[in-house]
Amino acid sequence: MARIAIALTPDFADWECALLMAVARSYLGVEVVTASPDGGIVTSMGGLKVTPEISYAALDPAGFDALVIPGGLSWEKGEAPDFTTHVHAFHGGGKVVAGICAAASALAATGVLNAVAHTGNSLASHSKQPGYSGQAFYRDRPQAVSHDRVITAPGSSPVTFTMEILKALGLWGPQAEAEIAAFSREHR
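Notes on the structure in this doc start here. Remember, it's a predicted structure, so these values are computed and weren't measured experimentally.

Section: the sheet that holds strand β8 (residues 145-147)
Phase 1: Strand order in the open sheet formed by seven strands is β5-β2-β1-β6-β7-β9-β8, and the pairing between neighbours is mixed. With one partner strand each, in any of the chains shown, β5 (54-55) and β8 form the two edges of the open sheet.
Phase 2: Of the pairings in the sheet, the one linking strand β7 (residues 96-100) to strand β9 (residues 150-153) comprises four bridges and is parallel in character. Along β9, the bridge assignment pairs Ala98 with Ile151.
Phase 3: Strand contacts of helix α3 (residues 84-92): β6 (66-69), β7 and β9, with the helix running at about 145 degrees to β6, the strand carrying the most contacts.
Phase 4: Of the strands in this sheet, β6, β7 and β9 touch helix α4 (residues 102-110), which is tilted by about 125 degrees from β7.

Description of α3
Phase 1: Burial in α3 covers these residues: His86, Val87, Phe90 and His91. Projected onto a plane normal to the axis of α3, the buried residues spread over an arc of 120 degrees and lie on a single side. Along α3, the residues that are exposed and aim more than 90 degrees away from the buried face are Thr85 and Gly92.
Phase 2: Summarising the contacts, the buried residues of α3 are in contact with β6, β7, α4 and β9.
Phase 3: Just beyond α3, the residue with positive phi is Gly94, at close to 80 degrees.

Cut-offs and rules
- Residues numbered from 1 in each chain as written.
- Predicted model: local features only at pLDDT ≥ 70, side-chain atom pairs only at ≥ 80, totals over all residues.
- Heavy atoms only, no water.
- Pairing = 2+ DSSP bridges.
- Helix = DSSP H or I, 4+ residues; strand = E, 2+ residues; numbered from the N terminus.
- Contact = heavy atoms within 4.5 Å.
- Axes fitted to C-alpha atoms, helices over the stretch in contact; angles between N-to-C directions.
- Buried < 20%, exposed > 50% of the residue type's maximum accessible area, 1.4 Å probe, protein only.
- Arc of directions from axis to C-beta.

Function cannot be read off these values alone, since they describe shape.
Structure (structure tokens):
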């Protein structure tokens, strides 16, 4: 069974990971494990209080197939954690790494986007990151981008973000497609 780690920050954008969590867990039998800085309760932008199973310190790539980081207000407030060590450990270990919205720019800061096609909220937000030099690989589009096990998306694209993660994990099939089709029907 696949295992996905979702690294939640205080004030995380709950809609950016909700579809992935629901489809993966409830329909595809994937184990979804949430993490917070210290394993304690985090509150989303929408006011949801989540009690994660683990802390960031327990995010060991050997035990997971993917590390997913939703965006949120922590980056705007300058309070977001540095995910560099985790991102490089997961990606270096052949695991999927995914960031949406402000977390796509957090991936830019780690340098992992410097040689893969990627997107995010804007090239300008990525370019502010000290470890980023991947401007030539930026794709200005509203859908998620997947390349070499790295998935990025603007905050307005939780459906394609979910799709690309499921594809990267080898979980895309008739059941996943049917579930996503139901959620994305309004965009046709």
